[in-house]
Amino acid sequence: MSTTENIQSVADIARPKPLLIRHAPYFIAAAIVVFLAASMRFDGYILNILMQATTFAIAVFGLSVVLGLCGQINLAQAAFFGFGAYAVGLGTTDYQLNYWLCLFGGCAMALAAGALLGLSTLRLGGHYLAMVTISFQQIITLIMINAIWLTKGPDGVSKIGRPSIFMSSQAYLAFCVAVLAIVGYLVWHLPDTRLGRAMRAVRDNELAAGVAGIDVFRTKIYAFAICALLGGLGGGLFAGGFAYISPDQFSFAESIVFLTMSLLGGVASPIGSAIGTGLLILIPEWLRFLKSVPGLYLAIYGLSVILIIRFMPDGIWGWVSMAYDRLRPPKKVMPSTAPLVLKPAATGDEMVLRVSSLSKHFGGLKAVDEVDIAVHRGSVHALIGPNGSGKTTTLNVLSGLYEATSGKVMLDGTDVTTMPPHLRTAAGLGRTFQNIRLFRSMTALENVIIGAERPGNTLIGKGDHAALTERALAALTFVGLGSRANELISSFSYGHQRLIEIARALAGNPTLLLLDEPAAGLNSSEKIELHELLKRIAAQGLTILIIDHDMTLVSEAAQHITVLNFGRRIADGESMAVLRHPDVVSAYLGTA
Ligand code: ADP
Ligand code: MG
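Structure report, in brief.

Rules and cut-offs
Residues numbered from 1 in each chain as written. Chains lettered and ligands numbered in written order. Predicted model: local features only at pLDDT ≥ 70, side-chain atom pairs only at ≥ 80, totals over all residues. Heavy atoms only, no water. Helix = DSSP H or I, 4+ residues; strand = E, 2+ residues; numbered from the N terminus. Expected span 1.5 Å × (residues − 1). Buried < 20%, exposed > 50% of the residue type's maximum accessible area, 1.4 Å probe, protein only. Polar contact = N/O pair within 3.5 Å; in protein donor to acceptor, adjacent residues only side chain to side chain. Salt bridge = Lys/Arg side-chain N within 4 Å of Asp/Glu carboxyl O.

1. Quick notes on helix α4 (residues 44-69)
Right, on to step 1. Helix length check: α4 (26 residues) gives 36 Å between terminal C-alpha atoms against 38 Å at 1.5 Å per residue, within 8%.
Right, on to step 2. Of all 26 residues in α4, 20 are buried; the element is thus mostly enclosed.
Right, on to step 3. Regarding α4, its N-cap is Asp43, as a side-chain oxygen of that residue lies 3.1 Å from the backbone nitrogen of Tyr45 further along.
Right, on to step 4. One or two residues past the end of α4 sits Gly71, with phi positive at roughly 75°.

Spelled out as structure tokens, the structure:
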């Protein structure tokens, strides 16, 4: 095998063949399956199982978006499924409405309910979200059972209609399979879209996602609303398929079944969702012969689910795809030949950053106390001080991770004091973290693409994926890691992970780059490389505010230094003068 087969060029990655051509096999396979579903003569029993599996799988796809991609729990998927089912059920019977209108209405209601639930709760973290979705599920169940005037209560709704072109069960099944194939395709490709990348970033590291310019809250709401929408769609199709629905089909227990399906098959991919759904519907059918022995059936069913999840924590598909990845190492990439251009935007203000009387208190602790910093355009400005003197806290307040107790932050003429992190990033901020915060389930390239997607990065046109990828590769090449763009973060050394973080920030073409101890944890040769890198960044005129302990590096690289001690600014000015300042010497050495 020639080596070129294992090396991808920038053009291969940035401008792949159109999706429809690359994925022609998927569409051909899907068309064959739809044709089979329409033409094979299934008996009623098989037909019911297939109908259930198809409509359930669409709802489980929703969980693969909200939980698999975005890392948010939803324990009310059966309730959203119910929205769709009742809209079609009641709409086509009591209200004599057109099936399509009802299906559309059910999806819209589920979407709206999901978005509203998300709006009210997604600012809360993990456990709270679980509790709120359970409560929502219980409320919907109570309404289905008790609001008899609306839902017909425990009796359920029967004689539910179908569209006239899909009147036979076989034709309706084929229609559901076609919907499944389309939704599956969209969910499968969501991770490679801007929204999908944002969801994965939020799942991997919420703080870093916000600082990279992603609106974390909005991304979570989108994920939640899409999940609810797919729940409603699955439910609407389900109601038409079975012509009868009742509240027990949409209970909390069913939400758990949906969740188990998704975890069992592999929550990260719609293929996993489909496998999990099929298995959880089929296993009870296979074990039917055991039903004569009470309890045994449930025990074996439960045990098999537990065993699969115990030994395949990422689900069946997660396990398979991991094995596949191990067999096929990622392709090397030909480093980018285009230089990385840093063209920071400018308002003309001589100071890129003006921090005045900034304070951050944690209870009684004044971590940052009335600090002023002014950073000249195009300069390297160092922020130094002993451990615990408030340097990281200052950076966290500057980037919006902490709310300032008092004071003001002006970034290139814009008052950003009260902005959330993603808006400050849009206004021109880029940063790295003292404790590295990369998106660990993604490749180096994907991490840097998220950086390049910074809203406010004027170098890249909206939706220009090729330019985005080229810029990300140029940034990775700039820090010396271009050829390893396709590798996962976990395969990089600590020092290289720092470089990827810097590349992620540079790719967004920030106006001001904040670096929090970039040399920490590096060995001496890596430190020298970092030093060279900083020189190359500064040479392009990018303004840098850097926290560092290495006095040689600081004195060589920085023109200005601000010194903190116990949260207070004790010195500020031109580098050499500050380093000789008696207060600074005593803060570092403990004597004057
Ligand atoms: P530096 O980066 O200069 O080493 P930090 O800014 O991390 O110092 O910390 C400054 C002080 O603020 C320390 O005393 C630290 O314990 C405290 N601190 C930092 N973050 C928090 C927090 N989230 N809650 C409470 N105290 C904090
Ligand atoms: Mg620190």
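2. Description of the pattern of salt bridges
Right, on to step 1. A full pass over the atoms with the stated rule returns 16 salt bridges.
Right, on to step 2. Of the charged contacts in the structure, one is a salt bridge between Arg197 and Glu453, with a shortest N-O distance of 2.6 Å. Of the two residues, Arg197 is situated in helix α10 (residues 194-204) and Glu453 in the loop between α19 (444-452) and α20 (465-478); the sequence distance between them amounts to 256 residues.
Right, on to step 3. Residue Arg197 is classed as buried on the basis of its relative accessible area of 5%.
Right, on to step 4. Under the relative-accessibility criterion, Glu453 is labelled buried at 9%.
Right, on to step 5. The partner of Glu285 in a salt bridge is Arg288, and the shortest N-O contact between them spans 2.9 Å.
Right, on to step 6. Accessibility expressed as a relative area gives 42% for Arg288, which makes it partly exposed.
Right, on to step 7. Through salt bridges that share partners, Lys332, Arg484 and Glu487 make up one connected network.

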